[in-house]
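Listed below are the residues making up each chain.
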Amino acid sequence: MKKQEALDKVVDRIVGGREEHARDRIPGFSEVEVDPGANRITLHWKGELPDAVRGVLQDLPGGVSVQVVPAKYSKAELHAAREKLLSNGKPVPLAAKRASHISSIGPSLDGSGLDLGYEADDERVPGALLAPLSTEELTPQVEAIASAVAGVEVHARHQKTVVDLSRGADSEPWYGGAGVLTPGGTICSTGFGVYKPADMYKSLVTTAWHCGAGSYNTWYSQQYMGYANEGDGNAADDTIGIVPRDSQKSGGYVYTLAWNEPSDYAMQVSGSGGNNVGDYVCQSAANSGAHCNIRVAQVDRQILGPNGVWRKFADEAVQTDPNNIAAANGDSGGPVFVTSDNGTKIQARGTITSLESEQDCAGRQTADGGWRTPWCFHGMWYVPISQTLADMGWVLRTSNP
C-alpha cells in the first residue's frame, strides 16, 4: 500500500484535492489512473497541461512516473453530455425496438465518450415473455440513440440493475463494520462513526439508506442500538445515520477481521480520501467479513438501484484475487477503506451500496447463513465517503469521544 499511498498523494496534488466527481472543475482534465504495481500514473488530458500540473510532474517522488495521454473530451464536457441523458436527475428512457433503461452512466476512462450500462425494461418483469431482439442486436441501437441525445460517442454494454444488499454484538462507542438487525428484519452493516456539528454534535453511525429508517438492533444479541430517521440520511447517496440510544457515542474505529472473529479488534480511522481508478481498496462489512485486493475499476458513475433510486455518485471496484470475493448479500452499508500510516490505521473511502457479477461462494459462510444461502459477488459499488460527509454536514470520527 505504500506505493499506492504515494501515487494517490501525487494525484491529490494534480487535482488540487478535489474528489473524483468534482474534477470537472479542472480545465482539460479527463481522468486519472494509478498503477501501484508499475508505480505509474496515467493522466488523460484534453489540450495543454496547466503550469500548476506541469510543476507537479517536475517534482515527482523517486521511482514514480507519469504518462500523459491526449483525451478527446474533458470531464466537464462529458458531464455536460451525461446531463442530456438525464431528466430531473433520473435517466431518460431509451426508445429502442426493445424498450430499455439506463442502469449506469459515466465518463469513459480514456475520455473518448460516455460508458453506459443498460437493461431492457422487460427484464424487470417477473415471468414476462422476453422480446426476440437479443442484446447483441440491441446494444448498437442503444449506443446510437444515446449518442444522438448526448452529442458524444456512447459505449454501451448490457448491465442488469445492480443488486441491493439486504460482528454482531457491538456496544458503545459504536464502530463501523458491525452487524445490525434492520427495521425490516435483515442484516446490514455499519460503516463509520460520524458526528454533526450543526446539530449539537449529534453522534451517528452510518449504514445504507435502503436498509431502512426505524429501530436498529445488534445482529447477534438483538439488543436495541438506536433509531434512524429519514432526515438523517440521503437516498441519492444511499446512506443513513443511526442515532445511538441514550445519547451514546459513535467511535472512530472499524472492525477489520472475519465476520465470525471476536469483536475485540478494530482499526482506527485516520481520515478520508478520494478514489482513483487503479486503487486497491478493502471492505469489512459484517455479513461476509473483511476482503481486500479489490481494485477500483470505475469512478464518477451514476447508477440505478433496484429500489428505483438513482444514485448520483458511485465508484465500482472488482476483486482481483481469484480465491476471494468482493462481498456478499447483506453487506450493505459496510465500510470501504485503504490502510494508512504504515498499515496501523485505515483511511475511509466509501459506503457499500450494491453488488454485481455473481460468483461461486465456494462454501463460504456468512453471519446470516443460518437462515439463507450466501450470495457472493465479484464486484461492488460504493458511494464515496467525501460526498456523503459533504451532503450531510457530518464529520468523520477519527478517535473515540
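Our subject is the structure that appears above.
Calculation notes
- Residues numbered from 1 in each chain as written.
- Predicted model: local features only at pLDDT ≥ 70, side-chain atom pairs only at ≥ 80, totals over all residues.
- Heavy atoms only, no water.
- Helix = DSSP H or I, 4+ residues; strand = E, 2+ residues; numbered from the N terminus.
- Contact = heavy atoms within 4.5 Å.
- Disulfide = S-S within 2.5 Å.
- Buried < 20%, exposed > 50% of the residue type's maximum accessible area, 1.4 Å probe, protein only.
- Salt bridge = Lys/Arg side-chain N within 4 Å of Asp/Glu carboxyl O.
- Phe/Tyr/Trp six-rings, centres within 6.5 Å; stacked < 30°, edge-to-face > 60°.
- Core = buried A, V, L, I, M, F, W, Y, C linked by side-chain atoms within 4.5 Å.
- Pairing = 2+ DSSP bridges.
- Axes fitted to C-alpha atoms, helices over the stretch in contact; angles between N-to-C directions.

A.B. asks: Please explain the environment of Gly-214 as it appears in this structure.
C.D. replies: The topology assignment puts Gly-214 in strand β15 (residues 214–218). The spatial distance from the C-alpha of Gly-214 to the C-alpha of Met-200 is 22 Å, given a sequence separation of 14 residues. The residues contacting Gly-214, other than those within four sequence positions of it, are Pro-183, Gly-226, Tyr-227 and Ala-228.

A.B. asks: Just checking my understanding: could you explain the state of the cysteines for this structure?
C.D. replies: Should the sulfur atoms of two cysteines be covalently bonded, the bond is a disulfide. Enumeration according to the criterion identifies three disulfides in this entry. In this model, Cys-282 is linked to Cys-292 through a disulfide, with the two sulfur atoms separated by 2.0 Å. Disulfide Cys-282-Cys-292: torsion about the S-S bond near 110°, hence right-handed. Linking Cys-282 in strand β21 (residues 280–285) with Cys-292 in strand β22 (residues 289–304), this pair joins segments that are 10 residues apart in sequence. In this structure Cys-282 comes out as buried when scored by relative accessible area, which is 4%. Residue pairing for Cys-361: its cysteine sulfur links by disulfide to Cys-376, the two sulfurs lying 2.1 Å apart. Measuring the twist about the S-S bond at about 115°, one finds the Cys-361-Cys-376 disulfide to be right-handed. Of this pair, Cys-361 sits in the loop between β26 (345–359) and β27 (376–384) while Cys-376 sits in strand β27, placing them 15 residues apart in sequence. Judged by its relative accessible area of 1%, Cys-376 falls in the buried class.

A.B. asks: Even after reading the chapter, I still don't get the pattern of salt bridges, so can you show me in this structure?
C.D. replies: Opposite charge on two side chains allows them to pair when their charged atoms are near. Applying the stated criterion across every chain, the model contains 16 salt bridges. Measuring nitrogen to oxygen at the nearest pair gives 3.0 Å for the salt bridge that ties Arg-54 to Glu-48. Of the residues examined, Arg-54 reaches a relative accessible area of 36% and is grouped as partly exposed. On the basis of relative accessible area, Glu-48 is assigned to the exposed category, the value being 65%. Here Arg-245 makes a salt bridge to Asp-246, at a shortest N to O gap of 3.1 Å.

A.B. asks: Help me understand the packing of aromatic side chains, please; the structure alone is not making it clear to me.
C.D. replies: Where two aromatic rings form a pair, the distance of their centres and the angle of their planes describe that pair. A full pass over the atoms with the stated rule returns five aromatic pairs. Pairing Phe-29 with Trp-45 gives two aromatic rings, centres 5.6 Å apart and planes at 90°, and the pair type is edge-to-face. Separated by 16 residues along the polypeptide, Phe-29 in strand β1 (residues 29–35) and Trp-45 in strand β2 (residues 40–45) bring together distant segments of the chain. This pair shows no difference in class: Phe-29 is buried, exactly as Trp-45 is. Centre to centre, the rings of Tyr-175 and Tyr-255 are 5.4 Å apart; their planes meet at 50°, and the pair counts as tilted. On the criterion of sequence distance, the pair formed by Tyr-175 in strand β10 (residues 174–176) and Tyr-255 in strand β19 (residues 250–255) is long-range, its members being 80 residues apart. There is no split in this pair, since Tyr-175 and Tyr-255 are both buried. Each member of the aromatic cluster is reached from another via a ring pair, and the members are Tyr-175, Tyr-253 and Tyr-255.

A.B. asks: Quick question: what am I supposed to make of the nonpolar core here?
C.D. replies: In globular proteins that are soluble, nonpolar side chains generally tend to be buried together. Leu-85, Leu-114 and Leu-116 are the most contacted members of the largest nonpolar core, which has 22 residues in total. Among the elements of the structure, α3 (75–83), β6 (100–107), β7 (114–120), α4 (135–150) and β8 (154–158) are those that each provide at least two residues to this core. Residues in contact with Leu-116, not counting those within four places in the same chain, are Leu-85, Leu-94, Ile-102, Ser-104, Ile-105, Val-142, Ala-146, Val-154, His-155, Ala-156 and Arg-157. By size, the runner-up hydrophobic cluster in this structure holds 17 residues, among which are Leu-7, Ile-14, Ile-26 and Ile-41.

A.B. asks: Looking at this model, I keep getting lost on the pairing of β22. Mind explaining?
C.D. replies: A regular strand places its side chains so that they alternate between the two faces of the sheet. In this structure, β6 lies alongside β22, joined through two bridges in antiparallel fashion. When the sheet's bridge partners are listed, Ile-105 is paired in β22 with Gln-302. With five bridges joining them, β21 and β22 adopt antiparallel strand pairing. Paired with Ala-285 across the strands is Gly-289, a residue of β22. In this antiparallel pair of consecutive strands, β21 and β22, the connection spans three residues. Pairing of β22 with strand β23 (residues 310–319) involves seven bridges; the strand directions are antiparallel. Paired with Leu-304 across the two strands is Trp-310, which belongs to β23.

A.B. asks: Help me understand the environment of Lys-249 in this model?
C.D. replies: Along the chain, Lys-249 turns up in the loop between β18 (239–244) and β19. Here the alpha-carbon distance between Lys-249 and Asn-400, two residues 151 residues apart in the chain, equals 8.2 Å. For Lys-249, the residues in contact, after removing those within four places along its chain, are Glu-172, Pro-173, Trp-174, Ser-203, Pro-244, Arg-397 and Pro-401.

A.B. asks: Can you help me understand the sheet that holds β2 in this one?
C.D. replies: By way of backbone hydrogen bonds, the strands of a sheet pair with one another, either parallel or antiparallel. The mixed open sheet is built from three strands, whose spatial order is β1-β2-β3. Only two strands of the sheet have a single partner each, and these edge strands are β1 and β3 (65–70). When strand polarity is set aside, the average angle formed by the axes of neighbouring strands in this sheet is 20°. Pairing of β1 with β2, which is carried by six bridges, proceeds in the antiparallel orientation. For Asp-35, the partnering residue across the bridge sits in β2 and is Arg-40. Contacting β1 and β2, helix α1 (residues 2–14) runs over the sheet at an angle of about 25° to β2.

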